[in-house]
Amino acid sequence: MSTVQRSAVALLVILALATVAIGYVTRGFGAITTDGARRIDLMKSPKSLPDLPLVNSTGRFIRLSALGAPGKLTLVTLFYAHCETICRVGTSGQSYLQNEIRSRGLAGQIRLLTISFDPRRDTAGTLAEYAHRNRADPELWTVATVARPADLQVMLAAFGVVVLPDEWGGYSHNAALFLVDSRGKLAYAYDVNRPDDALADLLEKRQN
Amino acid sequence: MNQRHVDFLPGAALAVVVMLRPLLEATMARHMALEIPLLFLTGWLVSSRIGQRLTKQIAPWNAYGVPALVYASLAGLLWMMPVALDLAVLNPAIGLLKLFTIVLAGVVVGASWREAGLVIQSFFVFNAVSMLVAGGLLYGQAPDQLCSVYLVGQQAIAGDGLIAWALVILAFWFYAVSRDPMIRGDESSSPANIETQTAPP
């Protein structure tokens, strides 16, 4: 082989490796962010949630792995009660969804769950106050946190959420509006700013 | 300076960058505009210490340095993606892979640079500059948090850092080109003379 031929082989190997590497991290050239990659992963294969206890604003325990029930979907956001920024978007989204679910008579079919990732500050009392302030209907909208603070990292990893301390003593995190399907599996991550899109998608799925 | 002492330089530089990784990866700007360029330059330093030996070894597979320069461009593209940066921070194995692929890019580019010649060098320099400017503008303008591990407020600084590197590379490039005998039309320094000037002792 001549140098040019050998170099062409080397070039092909490099291009093949780069296509595999870049194709893998971008999920087939479909995402350049981790959130985008997570969306594609969940769409391809819904993910089981770990079996860990949550405690809600009334002090009752819920198992994260047992959110599914026949014919019932759950929309989940993560937040912390002291948040001043993106969790508020998540909260107003959940309020909007609660109103829409009620007015469309979907209360038996779609439930809302808001999970705090600040279990040390967000006690049952704080969560109850938060639920009351946002007029959460306990039948429809559950506000909870991990029952054991030690489970926090497992819970965050399950949703693919990374929480960073921000410059103002709070936390920043890659928020999303998650769909847990009737089998209790994490099935999709919607844009947290567009609960209307999430609702439209669920209504469309219900029709099919 | 004693030659034997100088040979510690690339290894020492690499050790320092690796030890400072937590600090260098603490913000997006430091990760993209400081750690990655330092790793690349360390690789280049390694190749300059090895000298012609490495260039000759890879030469049969590296016509005009094109495979090496394509490799480095693609490695640069990969590690400029937010999803890849997240993985490098969150997953230690991928963090090591990042280290290795970028140092290797510096090594092979260093060993191929002279072989590439002015035209091929120009192509890759302008490719790198346009990639950095495009990435820099994207990071500077994006309203959403692009990396899971970095705050949205850091993106603009990281973007400025990439654009600064593009300008530095361009400035270096114009300086290097202005001194190139081919451009200056300098009869006295023929390519043969350059070879003898730069060949290792």
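Up top you'll find the structure we're talking about.
Let us look at the structure shown here. Counting starts from 1 at the beginning of each chain's written sequence and moves along it residue by residue. For naming, the first written chain is A and the first written ligand is 1, with later ones following in the order written. Thresholds applied to this predicted model are a pLDDT of at least 70 for local features of residues and 80 or more for the giving and counting of side-chain atom pairs; totals over whole chains, interfaces and linings are not thresholded and use all residues. No hydrogens and no water enter the side-chain calculation; it runs on all heavy atoms of the structure.

1. Some remarks on the overall build of chain B
Logical step 1: Scanning chain B from N- to C-terminus turns up 11 helices and zero strands.
Logical step 2: Start at the N end of chain B and walk to the C end: the helices and strands fall as α-α-α-α-α-α-α-α-α-α-α.
Logical step 3: For chain B, the residues scored as buried account for 43% of the 201 residues in total.
Logical step 4: Residue contacts are counted whenever heavy atoms from the two residues lie within 4.5 Å of one another. Restricting the contact set of chain B to residue pairs at least 6 apart, pairs at least 24 apart contribute 75%. Put simply, DSSP H or I for four residues or longer makes a helix, DSSP E for two residues or longer makes a strand, and each gets a number counted from the N terminus. Categorising residues by exposure relies on relative accessible area from a 1.4 Å probe, with only protein chains included: less than 20% of the type maximum marks a residue as buried, more than 50% marks it as exposed, and the intermediate range marks it as partly exposed.

2. What to know about a nonpolar patch on the surface
Logical step 1: Together, Met1, Val9, Val13 and Leu17 of chain A together with Trp61 of chain B make up an exposed nonpolar region whose accessible area comes to about 510 Å².
Logical step 2: Turning to its location among the elements, Leu17 of chain A is positioned in helix α1 (residues 3-25). The residues that make up patches have over 30% relative accessible area and no salt bridge, and they are joined within 9 Å when like-charged or within 5 Å when they are Val, Leu, Ile, Met, Phe, Trp or Tyr. Computed by Shrake-Rupley with a 1.4 Å probe, the accessible areas treat only the displayed protein chains as cover when residues are assessed. Think of a salt bridge as a Lys or Arg side-chain nitrogen and an Asp or Glu carboxyl oxygen that are within 4 Å of each other.

3. Quick word on the pattern of salt bridges
Logical step 1: Within this structure, the stated rule accounts for 14 salt bridges over all chains.
Logical step 2: Two residues, Asp51 of chain A and Arg63 of chain A, come together in a salt bridge whose shortest N-O distance is 2.9 Å. Of the two residues, Asp51 of chain A is situated in the loop between β1 (47-48) and β2 (53-56) and Arg63 of chain A in strand β3 (residues 61-63); the sequence distance between them amounts to 12 residues.
Logical step 3: With a shortest N-O distance of 2.4 Å, Lys98 of chain B and Glu35 of chain B are connected by a salt bridge. One end of the pair, Lys98 of chain B, is in helix α8 (residues 92-141); the other, Glu35 of chain B, is in helix α4 (residues 28-50), and 63 residues separate them in sequence.

4. A closer look at the packing of aromatic side chains
Residues and elements named next belong to chain B.
Logical step 1: To pair, rings of Phe, Tyr and Trp, with the six-membered ring standing in for Trp, must have centres within 6.5 Å; the planes then decide the type, stacked if under 30 degrees apart, edge-to-face if over 60, and tilted in the middle. If you walk through the whole model with that rule in mind, you get eight aromatic pairs over all chains.
Logical step 2: Considering the side-chain rings of Phe40 and Trp44, the 6.0 Å spacing of their centres and the 75 degrees angle between planes classify their relative orientation as edge-to-face. Of the two residues, Phe40 and Trp44 both sit in helix α4, four residues apart, roughly one turn of that helix.
Logical step 3: Trp44 sits in the partly exposed class, given a relative accessible area of 29%.

5. Quick word on helix α6 (residues 66-78) of chain B
Logical step 1: The end-to-end C-alpha distance of α6 of chain B is 18 Å, a good match for the 18 Å that 13 residues give at a rise of 1.5 Å each.
Logical step 2: Residues of α6 of chain B that are buried include every one of Pro67, Ala68, Leu69, Val70, Tyr71, Ala72, Ser73, Ala75 and Leu78 of chain B, and no others.
Logical step 3: At its buried positions, α6 of chain B is contacted by α1 of chain A together with α7 (82-90) and α8 of chain B. A helix's residues, less one, multiplied by 1.5 Å, set its expected span.

6. Notes on the nonpolar core
Soluble, globular proteins show a tendency: their nonpolar side chains are buried together.
Logical step 1: In terms of nonpolar packing, the biggest core is built from 46 residues, with Met28, Met32 and Trp79 of chain B touching the most fellow members.
Logical step 2: Counting only elements with at least two residues in this core, the list comes to α1 and α2 (34-44) of chain A together with α4, α7, α8 and α9 (155-178) of chain B.
Logical step 3: Element by element, the count of residues in this core is highest for α8 of chain B, at 12 residues.
Logical step 4: When sequence neighbours within four positions are dropped, the list of residues in contact with Met28 of chain B reads Ala33, Tyr139, Cys147, Tyr150, Gln154, Gln155 and Ala158 of chain B.
Logical step 5: Core analysis: the second largest hydrophobic core is formed by 26 residues, Tyr80, Leu113, Phe159 and Phe178 of chain A among them. Working definition of a nonpolar core: buried Ala, Val, Leu, Ile, Met, Phe, Trp, Tyr and Cys residues. They are joined through side-chain atoms within 4.5 Å.

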